[in-house]
Amino acid sequence: MIQIEIDSGSGFCFGVTTAIQKAEEELASSGQGNSGKGPLYCLGDIVHNGMECDRLKHMGLITINHDELKQLHQVKVLLRAHGEPPETYELAQRNNIEIIDATCPVVLQLQRRIKRQNESNPEAQIVIFGKNGHAEVLGLVGQTKGRAIVVEKFDDVKRLDYSRDIYLYSQTTKSLDEFRRIINYIQASISPEATFKSFDTICRQVANRMPNISSFATRHDVVLFVCGRKSSNGKVLFNECRRVNQRSYQIESAQEISLQWLQNAQTVGICGATSTPKWLMEECRDFILENV
């Protein structure tokens with residue numbers, strides 16, 4: 001009989017867990033549709049997982065974008081773990097919107113550090129290693145009134161001005177190895193007259209998953225990586241699974257599992273990103289047990 005293991009280290013990180021708990025508590029206390037307290041809105045997908053977003057939608061959570069936020073007045077809006085720029089809070093105040101702030105504490109601390117650094121040395125280059133357009137990165141850039149320079153990959157670092165001070169930060173879910181490579185390049189390139197400081201702001205709860213998931217993937221014949229397509233950290237973790245085990249497959253739900261993948265497999269490992277709910281990995285396990 002095929003052996004199936006669900007990775008105990010996979011699943012929601014602390015920040016996502018807290019955001020979802022806040023949403024569930026608020027939805028329960030407001031008694032959507034019953035008490036007349038009004039709906040609960042969430043600015044952007046609460047987590048980069050379509051299945052979990054659908055579950056909360058059925059509970060009454062309404063996901064909106066920034067343009068829709070501008071049209072709202074006197075309502076409750078939850079800010080997800082990724083964080084938001086100052087402009088979002090200013091808009092909420094103008095429109096008398098009650099903010100339920102579920103920004104991850106790690107992200108919140110990073111926002112404050114970048115804001116202080118920008119105010120203390122406005123002439124320096126604030127550089128953020130992160131994904132352009134990602135919700136967390138938009139919130140970080142917002143702390144500098146849009147001045148911060150975002151570098152997505154190593155080659156982007158070459159366009160910095162090495163005659164000026166550089167303060168380097170990282171999106172909390174980026175790769176530690178690539179961040180260190182960027183640090184080494186800047187250290188070798190910076191002018192002697194300029195200051196360079198780097199701040200390791202990568203979340204260890206996420207960073208530590210890389211070696212853990214690598215070890216997990218090597219232990220199994222087939223790996224099913226359960227993850228929403230939008231997940232930034234999911235892409236990184238899945239690529240690591242594929243690197244150590246070519247029989248790794250990314251899926252969003254049990255419906256995407258092909259039984260052909262499991263041919264001649266004695267062990268199957270099921271793992272996921274920080275945005276993958278445990279119940280979804282369990283559904284994948286149950287699907288295999290019922291069909292193999």
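The structure presented is a predicted model; accordingly, all values stated were derived computationally and were not measured.

**Points about the sheet that holds strand S5 (residues 98–101)**
And then number 1: Pairing in this open sheet of 4 strands is parallel, and the strands run S3-S2-S4-S5 from one edge to the other. A strand with exactly one partner marks an edge of an open sheet, and here the two such strands are strand S3 (61–64) and S5. Here the strands of the sheet are splayed against their neighbours by 30 degrees on average, with no regard to which way each runs.
And then number 2: Of the strand pairs in this sheet, strand S4 (residues 76–79) and S5 are connected by 4 bridges, and their pairing is parallel. Bridged to Val77 within S5 is Ile99.
And then number 3: Where helix H1 (residues 14–30) meets the sheet, it contacts strand S2 (40–43), S3, S4 and S5, and its direction lies at approximately 165 degrees from that of S4.
And then number 4: Where helix H4 (residues 86–94) meets the sheet, it contacts S2, S4 and S5, and its direction lies at approximately 145 degrees from that of S5.

**Side note on the nonpolar core**
Across soluble globular proteins, nonpolar side chains show a tendency to be buried alongside one another.
And then number 1: Grouped together as the largest cluster of nonpolar side chains are 19 residues, with contacts concentrated most on Ile166, Leu168 and Ile186.
And then number 2: Sorting the residues of this core by element identifies strand S6 (125–129), strand S8 (166–170) and helix H7 (176–189) as the ones contributing at least two each.
And then number 3: Counting residues per element, this core draws most heavily on H7, which supplies 5 residues.
And then number 4: If we skip the residues at most four places from it in the chain, Leu168 touches Val127, Phe129, Phe179, Ile182, Ile183, Ile186, Phe196, Lys197, Ser198 and Phe199.
And then number 5: If you look at the next biggest cluster of nonpolar residues, it comprises 16 residues, including Leu27, Leu40, Cys42 and Leu56.

**As for unusual backbone geometry**
And then number 1: A positive phi angle is found at Asn96, which is not glycine, with a value near 55 degrees.
And then number 2: Residue position: Asn96 is located in the loop between H4 and S5.
And then number 3: The partly exposed category is assigned to Asn96, whose relative accessible area is 48%.
And then number 4: Of note in the backbone geometry, Lys145 takes a positive phi value of approximately 55 degrees without being a glycine.
And then number 5: Mapping Lys145 onto the fold places it in the loop between helix H6 (135–142) and strand S7 (149–151).
And then number 6: Classification of Lys145 as exposed rests on a relative accessible area of 75%.

**Topic: the packing of aromatic side chains**
And then number 1: Scanning the entire structure with this criterion turns up 6 aromatic pairs.
And then number 2: Plain terms: the ring middles of Tyr169 and Phe199 are 4.7 Å apart, the flat faces sit at 15 degrees to each other, and that makes the pair stacked. Of the two residues, Tyr169 is situated in strand S8 and Phe199 in the loop between strand S9 (196–198) and helix H8 (204–207); the sequence distance between them amounts to 30 residues.
And then number 3: Measuring from centroid to centroid gives 4.2 Å for Tyr249 and Trp261, while their planes differ by 0 degrees, and the two rings are stacked. Here Tyr249 is found in strand S11 (residues 248–251), whereas its partner Trp261 is found in the loop between S11 and strand S12 (267–272), with 12 residues between them in sequence.
And then number 4: Given a relative accessible area of 23%, Tyr249 falls into the partly exposed group.
And then number 5: Here the basic side chain of Arg181 rests over the ring of Phe154, its NZ or CZ set 3.8 Å away from the ring centre.

Rules used in this analysis
- Residues numbered from 1 in each chain as written.
- Predicted model: local features only at pLDDT ≥ 70, side-chain atom pairs only at ≥ 80, totals over all residues.
- Heavy atoms only, no water.
- Pairing = 2+ DSSP bridges.
- Helix = DSSP H or I, 4+ residues; strand = E, 2+ residues; numbered from the N terminus.
- Axes fitted to C-alpha atoms, helices over the stretch in contact; angles between N-to-C directions.
- Contact = heavy atoms within 4.5 Å.
- Core = buried A, V, L, I, M, F, W, Y, C linked by side-chain atoms within 4.5 Å.
- Buried < 20%, exposed > 50% of the residue type's maximum accessible area, 1.4 Å probe, protein only.
- Phe/Tyr/Trp six-rings, centres within 6.5 Å; stacked < 30°, edge-to-face > 60°.
- Lys NZ or Arg CZ within 6 Å of the ring centre and 35° of its normal.

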